[in-house]
Amino acid sequence: MSDNALTITDNEFLRQFETRINEELATIEYSQQERKIFLTKLIMPENTENRQEEFIKAVLSEIKERNTRVVPTSPEIAGFMRRHRRKYKDLLPVGINI
């Protein structure tokens, strides 16, 4: 793993996944219901947009390990999952297509 790899923290109090990029905080806000997690908002600090996909991948990997389904309501995350549909379609709840 490179020194540049992102470390994801689940801030359950604020209901968001967090990582630090260039000392700036990037977050993905979520709400959880039953066995589903709704990814509602992506916040990337200025000049870190080039790490956005890496951050989304790391969060989706974390969610997959929890055996939880993902409902991407954030346009950026939905777009990412649409572009990588084959890899992430098993994370979507039954009946949800993006």
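Residues numbered from 1 in each chain as written. Predicted model: local features only at pLDDT ≥ 70, side-chain atom pairs only at ≥ 80, totals over all residues. Heavy atoms only, no water.

## Things to note about the packing of aromatic side chains
Part 1: For the coordinates displayed, the defined rule picks out two aromatic pairs.
Part 2: Residues Phe 17 and Tyr 30 carry aromatic rings whose centres are separated by 5.0 Å and whose planes lie at 40 degrees to one another, so their mutual orientation is tilted. Of this pair, Phe 17 sits in strand S2 (residues 16-21) while Tyr 30 sits in strand S3 (residues 24-33), placing them 13 residues apart in sequence.
Part 3: Taking the relative accessible area as the measure of exposure, Phe 17 reaches 0% and is therefore buried. (Phe/Tyr/Trp six-rings, centres within 6.5 Å; stacked < 30°, edge-to-face > 60°. Helix = DSSP H or I, 4+ residues; strand = E, 2+ residues; numbered from the N terminus. Buried < 20%, exposed > 50% of the residue type's maximum accessible area, 1.4 Å probe, protein only.)

## Details of helix H1 (residues 52-65)
It helps to recall that an α-helix has 3.6 residues per turn; residues three or four apart then point in one direction.
Part 1: With 14 residues, H1 should cover 20 Å at 1.5 Å per step; its first-to-last C-alpha distance of 20 Å lies within 8% of that length.
Part 2: Those residues of H1 not exposed but buried are Gln 52, Phe 55, Ile 56, Val 59, Leu 60 and Ile 63. Projected down its long axis, H1 carries its buried residues within an arc of 130 degrees, all on one side.
Part 3: Of the residues trailing H1, Asn 67 is marked for its positive phi of about 60 degrees. (Expected span 1.5 Å × (residues − 1). Arc of directions from axis to C-beta.)

## A look at a negative patch on the surface
Part 1: Together, Glu 23, Glu 24, Glu 46 and Glu 49 make up a region of like negative charge exposed at the surface.
Part 2: On the secondary structure map, Glu 46 appears in the loop between strand S4 (36-43) and H1.
Part 3: Given the relative accessible area of 67%, Glu 46 is considered exposed. (Patch = residues over 30% accessible without salt bridge, like charges linked within 9 Å, V, L, I, M, F, W, Y side chains within 5 Å. Areas by Shrake-Rupley, 256 points an atom, 1.4 Å probe, with all protein chains shown as cover. Salt bridge = Lys/Arg side-chain N within 4 Å of Asp/Glu carboxyl O. Lys, Arg positive; Asp, Glu negative; His and termini not counted. Charge placed at Lys NZ, Arg CZ, Asp CG, Glu CD.)

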